[in-house]
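Here's the letter readout for the chains.
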Amino acid sequence: MADTRFTIGERLLPWLLAMSWAAAGYAVPPDLWSCRQELTLEFATAADAAQATVRIAALPDDKEWAFSTRWDDNLPDNPRLHDAMVRHGIKGTFYLTGTDPKQRFGREYARNLLAGGCTIGGHTQTHARLTGLPANAMFQEILGNRLERECQTDQPVVSFAFPFAAFDDPRNPAVREAITRALINAGFHHCVYLDFVRHNPDLPAGAISSGWQIKTGSTDIDLETVQAQLDRLTGKKAAYQRQSKLFFLGGHAAMTGAQWETLDELLTRLAGHDAWWYCNQNEFAAYERQRYHSHLWPVAATTAGLTRTITLERPVPAELGACVPLTLTIDRPVRAAHLDQGRLETRLCGDRTLVKVPFPGDQRLPERIDAIANPRNLPMPPAAAGSRDFPGIRVWLHVVPAGDQLVLKLTNRTGAPLQDVRVTAMLPPSCRTAAIRTSWSSIPPAGSVETAFPIRHEKTGAFWRGGRAGFAAAVDFTAAGLPGRLYATTQFE
Ligand SMILES: [Zn+2]
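These figures come from a predicted structure and were not determined experimentally. (Residues numbered from 1 in each chain as written. Predicted model: local features only at pLDDT ≥ 70, side-chain atom pairs only at ≥ 80, totals over all residues.)

**Describing the overall build of the protein chain**
The condition is simple: Secondary structure is summarised from DSSP: a helix means a run of H or I of at least four residues, a strand means a run of E of at least two, and numbering begins at the N terminus for each. The atom set for the radius of gyration is the C-alpha atoms, and the globule formula is 2.2 Å times the number of residues raised to the power 0.38. We call a residue exposed when 12 or fewer other C-beta atoms sit within 10 Å of its C-beta, buried when the count reaches 20 or more, and partly exposed for counts in between; the C-beta positions come from the backbone.
For the protein chain, the count of helices and strands is twelve helices and 25 strands. In terms of overall dimensions, the protein chain is globule-like: its C-alpha atoms have a radius of gyration of 23 Å, near the 23 Å expected for 493 residues. Across its three principal axes, the protein chain shows a C-alpha extent of roughly 65 × 60 × 45 Å. When the 493 residues of the protein chain are sorted by exposure, 42% land in the buried category.

Structure representation (structure tokens):
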């Protein structure tokens, strides 16, 4: 059943323009924030306009493969590896654990790894073997790591790599279920272990994307082995692509001596393929999530003569972790495409047309990310509680003594309204995740709001409920024209 995950979108998304509303049974789920855009296509003939099929391309620019890289751990040679990648125009994601107790591998280290279009992924706070932990501790490891690295880099962290590749305990199915719930509740929607995604009955369809890993070996890069893996993928392309169109080189920056030259040779071979989309893992995840959760339908009243108008509903960038435009393919020549008011570039490929659809100008990724912690679960913030990035904004989270409600207080002292405020509660794996979202279109200057999310445990027993439980709320907003994200966190036992 899980194996159909990557093909569902393809089966359902080739919407015929003539399809009616009623036939469109697959929409953005109400739990993803989404935005709508109107696209008008102008054709050469009325017949083209009437018969054209519009679909979302499987990859940006309708490329054949997505290619990325994946490097784990806070290793001292990550910057050197990163330099080599950037020189070759190859992107990827560095899966970092938390800043270490000696304050090494912290903010500067993480930010330097972003150059050239790379991103940071989650790898737990302490390189924990998740399969040996109770559920609350798993969640703290996964969530704490994500929040720390997002605050340091001001970039979303949405892709995850399991330390020790450990995500399953064959003797105890609750382990994988708890890990799955912890990842989703902590906001991850991509994982570099395809096996975790493929054979996972606990994973809702479309929740986590993945790809095929090409192994370099750690200290011993073997070009022939890498080539053999590549040949296998391209030789059985259709079969592999049913699972994922992403493949990525993966390993550790643990090369020594001449291995660095071998790495350089490998990167030379992997660079510059026209049919590949070079991306980091966030970008692939962002595209895949859009492809899965976006929805096209015709605007019937404006369909006439040479033009067709369609509405695109898609998740907002803050849901995706990267601002990747969506590529539409139209099976007829298109003379012009207009999005809302502006004109879009169109590219003719044979008798098809590709159109790249950017996000609306007011939908961007957060440019600053910060967090305000309430580790003692105080109901009211002390005077000193605040955010350095957002001095006028305070968020405060606590669990009521009965343990059945998570309360968020938000005050705006910026002197300007906070706009498009969207809140997502992040609950421990034992909890139901219905009703975890709320939003305000505007919070006035000197305004404050309070909201409560129900805490309903679906799971019982020491494994699920033991130990301190971590809670968070992600608050996304626009302040003075700039999109930001502020987390509030608390602990409850
Ligand atoms: Zn590791």
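**Brief notes about the domain arrangement of the protein chain**
Stated formally: Segmentation into domains, and thus their bounds, comes from an automatic or database assignment. By definition, residue pairs are in contact when their C-beta atoms, positioned from the backbone, come within 7 Å. Ten residue types, Ala, Val, Leu, Ile, Met, Phe, Trp, Tyr, Cys and Pro, are classed as nonpolar, four, Asp, Glu, Lys and Arg, as charged, and the remainder, Gly among them, as polar.
Segmenting the protein chain into domains produces domain 1 (12-61 + 293-357), domain 2 (65-274) and domain 3 (368-492). On a C-alpha basis, the centroid separation for the pair domain 2 and domain 3 is 29 Å. The partner domain 3 presents 22 residues to the 19 residues of domain 2 that form the contact. Taken together, the elements giving at least two residues each to the side of domain 2 that touches domain 3 come down to helix H5 (135-153) and helix H6 (173-185). Counting residues per element, the side of domain 2 that touches domain 3 draws most heavily on H5, at ten residues. Considering only residue class, the side of domain 2 that touches domain 3 consists of twelve nonpolar, four polar and three charged.

**Remarks on unusual backbone geometry**
At Gln-103, a residue that is not glycine, the phi angle is positive and equals roughly 65°. The class of Gln-103 is exposed, set by 8 C-beta atoms lying within 10 Å. Positioned with a positive phi, Ala-446 is a non-glycine residue whose angle comes to about 65°. Tracing the sequence through the fold places Ala-446 in the loop between strand E22 (437-443) and strand E23 (448-454).

**Here's the deal with the sheet that holds strand E19 (residues 393-399)**
Within a beta sheet, neighbouring strands are joined by backbone hydrogen bonds and run either parallel or antiparallel to one another. Here is the rule we go by: Note on pairing: two strands pair once DSSP finds at least 2 bridges between them. The convention used is that axes are lines fitted to C-alpha atoms, helices contributing only their stretch in contact, and that angles between N-to-C directions extend from 0 to 180 degrees.
Strand order in the open sheet formed by three strands is E19-E20-E23, and the pairing between neighbours is antiparallel. Where the open sheet ends on each side, the last strands, each with one partner, are E19 and E23. Averaged over all adjacent pairs, the angle separating strand axes in this sheet is 15°, with direction ignored. Pairing geometry for E19 and strand E20 (residues 405-412), over seven bridges, is antiparallel. Each bridged residue has a counterpart across the sheet, and for Arg-394 the counterpart in E20 is Thr-411.

**As for the sheet that holds strand E18 (residues 368-374)**
A sheet is described by the order of its strands in space; here five strands give the open sequence E18-E25-E24-E21-E22, paired in mixed fashion. Each having just a single partner strand, E18 and E22 make up the two edges of the open sheet. When the angles between neighbouring strand axes are averaged without regard to direction, this sheet yields 20°. Seen against the sheet, H5 touches E18, strand E21 (418-426), strand E24 (469-479) and strand E25 (482-492) and runs at an angle of roughly 30° to E24.

**Here's the deal with helix H3 (residues 78-87)**
Applied cut-off: Comment: arc refers to directions from the helix axis out to C-beta atoms.
Those residues of H3 that sit buried are Asn-78, Leu-81, His-82 and Met-85. Take H3 and look down its axis: the buried residues cluster within an arc of 100°, on one side only. Gly-89 sits one or two positions beyond H3 and adopts a positive phi of about 70°.

**Section: the environment of Ala-271**
Structurally, Ala-271 is set in the loop between helix H10 (259-270) and strand E10 (276-278). Note: C-alpha distance between Ala-271 and Ile-90 (181 residues apart in sequence) is 6.6 Å.

**With respect to the nonpolar core**
Here is the rule: What we call a nonpolar core is a set of buried Ala, Val, Leu, Ile, Met, Phe, Trp, Tyr and Cys residues whose membership is set by joining through C-beta atoms within 7 Å.
By size, the foremost hydrophobic cluster in this structure holds 99 residues, and its most contacted members are Val-395, Ala-473, Val-475 and Ala-488. Excluding anything up to four places from it in sequence, Ala-488 contacts Ile-372, Asn-374, Val-395, Trp-396, Leu-397, Leu-408, Ala-472, Ala-473 and Val-475. Counting residues in each nonpolar core, the second largest holds 15 residues, with Phe-43, Leu-328, Val-334 and Ala-337 among its members.

**What about the environment of His-252?**
Its location among the elements puts His-252 in the loop between strand E9 (246-251) and H10. Residue classification places His-252 among the partly exposed positions, given that 17 C-beta atoms sit within 10 Å. Separated by 36 residues in sequence, His-252 and Thr-216 have C-alpha atoms that sit 8.7 Å apart.

**Some points on the packing of H5 against H6**
Convention followed: A clockwise turn of the near helix away from the far one marks a right-handed crossing, whereas an anticlockwise turn of less than a right angle marks a left-handed crossing.
Where H5 meets H6, the closest approach of the two axes is 9 Å, and the angle between their N-to-C directions is 35°. Crossing geometry of H5 relative to H6 is assigned as right-handed. Taken together, the residues of H6 that come into contact with H5 (itself represented by Ala-135, Met-138, Phe-139 and Ile-142) are Ala-178, Ile-179, Ala-182, Leu-183 and Asn-185. The residue makeup of the contact of H5 with H6, split by class, is eight nonpolar, one polar and no charged.

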